[in-house]
Amino acid sequence: QKEVEQDPGPLSVPEGAIVSLNCTYSNSAFQYFMWYRQYSRKGPELLMYTYSSGNKEDGRFTAQVDKSSKYISLFIRDSQPSDSATYLCAMGRNTGFQKLVFGTGTRLLVSP
Amino acid sequence: NAGVMQNPRHLVRRRGQEARLRCSPMKGHSHVYWYRQLPEEGLKFMVYLQKENIIDESGMPKERFSAEFPKEGPSILRIQQVVRGDSAAYFCASSPPQGRTGGYTGELFFGEGSRLTVL
């Protein structure tokens, strides 16, 4: 069993839809939870970062962490074609440095 | 302010040759990480370095792979005697020094990657 599981997609939605992306994990030692966006042939860029359980909102993006269920989510409201990318969840332990474990990524396609 | 710079962006090697990938962290960043992304797989941690020190290399294959971050110049990921299974995208990331409390300081800044193809 992988430490982090993520549906690879692709997930196709029309412009303006609400998108829900999810990851599950098995290691209860994870304390930091992140979502990265990766455009084709580019490096990942950090979208959201959450420590422990709870919600965090930034513009059209909301990240949720449920440590009791070992489940994290990223919601994108009013999705735009420019949101079309691969979304990677990543997690880290409290080791003092960013040795992250990544999901395989979900490919999102937003059609105009 | 330049981001994390990686070169070459694309590298083709024949089996048995050596590959050298270079990474210059963002200005002011003293921590460098290398991750590998195999096709259809997520990013996998390889090694974490500070200037002149390897802090954690638990993700590095035991043979043929080495990394350094010298006092002057970029960080280098070196792969000797490449095999087809080494074909992947290699990403470098950097982060600023730890905060005064020593805690997590935030995001990793990734470069655009070096794509190695072994023929």
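What counts, and at which threshold
- Residues numbered from 1 in each chain as written.
- Chains lettered and ligands numbered in written order.
- Predicted model: local features only at pLDDT ≥ 70, side-chain atom pairs only at ≥ 80, totals over all residues.
- Heavy atoms only, no water.
- Pairing = 2+ DSSP bridges.
- Helix = DSSP H or I, 4+ residues; strand = E, 2+ residues; numbered from the N terminus.
- Axes fitted to C-alpha atoms, helices over the stretch in contact; angles between N-to-C directions.
- Contact = heavy atoms within 4.5 Å.
- Buried area = accessible area lost by both parts, 1.4 Å probe.
- Salt bridge = Lys/Arg side-chain N within 4 Å of Asp/Glu carboxyl O.
- Polar contact = N/O pair within 3.5 Å; in protein donor to acceptor, adjacent residues only side chain to side chain.
- Nonpolar A, V, L, I, M, F, W, Y, C, P; charged D, E, K, R; others polar.

This next bit is on the sheet that holds strand 8 (residues 75-79) of chain B. The strands making up a sheet are joined through hydrogen bonds of the backbone, oriented either antiparallel or parallel. Residue and element names in this part refer to chain B. One open sheet holds the four strands; their spatial order is 1-3-8-7, and the pairing between them is antiparallel. The open sheet has two free edges, formed respectively by strand 1 (5-7) and strand 7 (65-68), since each of these has just one partner strand. Looking at each pair of strands side by side, their axes are set apart by 15° on average, direction ignored. Pairing of strand 3 (residues 19-24) with strand 8, which is carried by five bridges, proceeds in the antiparallel orientation.

With 25 residues of chain B at the interface, the matching set in chain A holds 19 residues. Summing both sides of the interface, chain B and chain A together bury roughly 1900 Å²; the carbon and sulfur share of this comes to 55%. The partner of D56 of chain B in a salt bridge is K99 of chain A, with the nearest N and O atoms 3.6 Å apart. In this assembly, chain B and chain A are joined by four residue pairs in polar contact (both at pLDDT 80 or more). Secondary structure elements with two or more residues in the side of chain B that touches chain A: strand 4 (31-37), strand 5 (43-50) and strand 9 (88-95) of chain B. Of the residues belonging to the side of chain B that touches chain A, the class tally is nine nonpolar, nine polar and seven charged.

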